[in-house]
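Analysis of the macromolecular model
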Amino acid sequence: AQKVTQAQTEISVVEKEDVTLDCVYETRDTTYYLFWYKQPPSGELVFLIRRNSFDEQNEISGRYSWNFQKSTSSFNFTITASQVVDSAVYFCALDLDSSASKIIFGSGTRLSIRP
Amino acid sequence: DSGVTQTPKHLITATGQRVTLRCSPRSGDLSVYWYQQSLDQGLQFLIQYYNGEERAKGNILERFSAQQFPDLHSELNLSSLELGDSALYFCASSVALGTGELFFGEGSRLTVL
C-alpha cells in the first residue's frame, strides 16, 4: 500500500532558525513522484517541488532545500533562515502515475515562525 | 494567485440539500482535479477530468458527481448532503497529463448544518 507519513504535526520556531520537515513514504513501485506543497493561511495549495524516483539529487531553491533518500524512503524539506512568511501547512505527497490523478497527500505539518 | 478560480468561496446549507461548486482552470489548462480537505480525512483526491472527459476517480461518493464543460470549466455536484460532507473542496488544474504540478484554487468551504 502507498502511504505518506509526516510525523510532525506542528513545529514552532523563532524567525531565522533553520527547520526541517520530515516526510517518509511507502510504495512498492519503482517509478513514483514526490511533491511538496505549501498551504498558507489564505488556503490555496502552492506547488513547491516535484521529484521523480530516479533522481536522487538534492535540490536547493533559495532558502529551501530538499533531501531525497531512497534508502530511507524519505523526502525531507529544510527551510534555512526561516521567515514569518514561511508560516503555513506543508504537505508532502506521493504520485504513482505522474498525471497527478493518484496523488496521496501526507497529513501535513503546520509550521509557525515566531518573530 | 494561481489563476484557478473557485466559486462560491463559502457555502452553508442544510442536510439533504444539493450544491454545485464551480471551477475555472488556468487559461490553457486541460486537466481539472477535485480534492476534498477535511480535518479527519486530510486531502483526498475525488476526480479528474482531462479535456472534457473523466480520466480518474478517487474516493468520490456516489452522491457526488462532476463534469467538465467544453470551455473547460468544471462543476462538482454534491447531493443529499450529510454533516460529514462539511469540508474544503479544492479544484486544481494542470496544463497536461504527466507534469504533476497542480495549480490549486482557494477552495470552496462547505458547511452542512
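The structure reproduced in this document is the subject of the present report. On a predicted model such as this, the values are computed, not experimentally measured, just so you know.

Each helix and strand counted, chain A has zero helices and 12 strands in total. What you see in chain A, going N to C, is helices and strands ordered as β-β-β-β-β-β-β-β-β-β-β-β. In terms of overall dimensions, chain A has a C-alpha envelope of 40 × 25 × 20 Å along the principal axes. Within the span of chain A, comprising 115 residues, buried residues form 47% of the whole. Looking at chain A as shown, the accessible area adds up to about 5,500 Å², and 47% of this sits on carbon and sulfur atoms. Both charge centroids of chain A, one from 11 positive and one from 14 negative side chains, sit 2 Å from each other.

It is worth spelling out the side chain of S94 of chain B at this point. Within the secondary structure layout, S94 of chain B lies in strand β9 (residues 87-94). In this structure the side chain of S94 of chain B is engaged in a polar contact, spanning 3.3 Å, whose partner is the side chain of Y33 of chain B.

With that settled, the discussion passes to the state of the cysteines. Under the defined criterion, the tally for this structure stands at two disulfides over all chains. Across the disulfide from C23 of chain A sits C92 of chain A; the S-S distance is 1.9 Å. Residues C23 of chain A and C92 of chain A are joined by a disulfide whose S-S torsion is about -65 degrees; by sign, that bridge is left-handed. Separated by 69 residues along the polypeptide, C23 of chain A in the loop between β3 (19-21) and β4 (24-26) and C92 of chain A in strand β10 (residues 88-95) bring together distant segments of the chain. As far as burial versus exposure is concerned, C23 of chain A and C92 of chain A are alike and both buried. A sulfur-sulfur distance of 1.8 Å marks the disulfide that ties C23 of chain B to C91 of chain B. Linking C23 of chain B and C91 of chain B, the disulfide has an S-S dihedral of approximately -55 degrees and is accordingly described as left-handed. Of this pair, C23 of chain B sits in strand β3 (residues 19-24) while C91 of chain B sits in strand β9, and the two are 68 residues apart along the sequence. C91 of chain B shares its class with C23 of chain B; the two are buried.

For the coordinates displayed, the defined rule picks out 19 aromatic pairs over all chains. Aromatic side chains Y64 of chain A and F77 of chain A sit 5.1 Å apart centroid to centroid with 90 degrees between the ring planes, which places their arrangement in the edge-to-face category. Pair noted here: Y64 of chain A is in strand β8 (residues 64-69) and F77 of chain A is in strand β9 (residues 74-79), with a separation of 13 residues, a long-range link. Across the pair, F77 of chain A and Y64 of chain A agree in class, each one buried. Centre to centre, the rings of F90 of chain B and F104 of chain B are 5.9 Å apart; their planes meet at 85 degrees, and the pair counts as edge-to-face. With F90 of chain B in strand β9 and F104 of chain B in strand β10 (residues 103-104), the pair connects residues that are 14 residues apart, well separated along the chain. Among the residues examined, F90 of chain B registers a relative accessible area of 0% and is labelled buried. Judged by relative accessible area, F104 of chain B falls into the buried class, the value being 0%.

Scoring rules and cut-offs
Here the residue numbering is sequential within each chain, running from 1 through the sequence in written order. All chains are assigned letters beginning with A, and all ligands numbers beginning with 1, in the order in which they are written. Restriction of local features to residues with pLDDT of at least 70 applies here, the model being predicted, together with a cutoff of 80 or more for giving and counting side-chain atom pairs; totals for whole chains, interfaces and linings are based on all residues. Based on all heavy atoms of the structure, the side-chain values leave hydrogens and waters out of the count. Helical segments are the DSSP runs of H or I of at least four residues, strand segments are the runs of E of at least two, and each set is numbered from the N terminus. When accessible area is computed with a 1.4 Å probe and restricted to protein chains, residues below 20% of their type maximum are described as buried, those above 50% as exposed, and intermediate ones as partly exposed. Only the protein chains shown count as cover for residues, and all accessible areas are computed by the Shrake-Rupley method using a 1.4 Å probe. Residues scored as charged are limited to Lys and Arg (positive) and Asp and Glu (negative), so that His and the chain ends carry no count. Every charge is mapped to an atom, namely NZ of Lys, CZ of Arg, CG of Asp or CD of Glu. We call two N or O atoms a polar contact when they sit within 3.5 Å, provided that within protein one can donate a hydrogen and the other can accept it, with sequence-adjacent residues counted only if both atoms are side-chain atoms. Here, the term disulfide refers to a pair of cysteine sulfur atoms separated by no more than 2.5 Å. Ring pairs are drawn from Phe, Tyr and Trp, using the six-membered ring of Trp, whenever the two centres fall within 6.5 Å, and their geometry is named by plane angle: stacked under 30 degrees, edge-to-face over 60, tilted for the rest.

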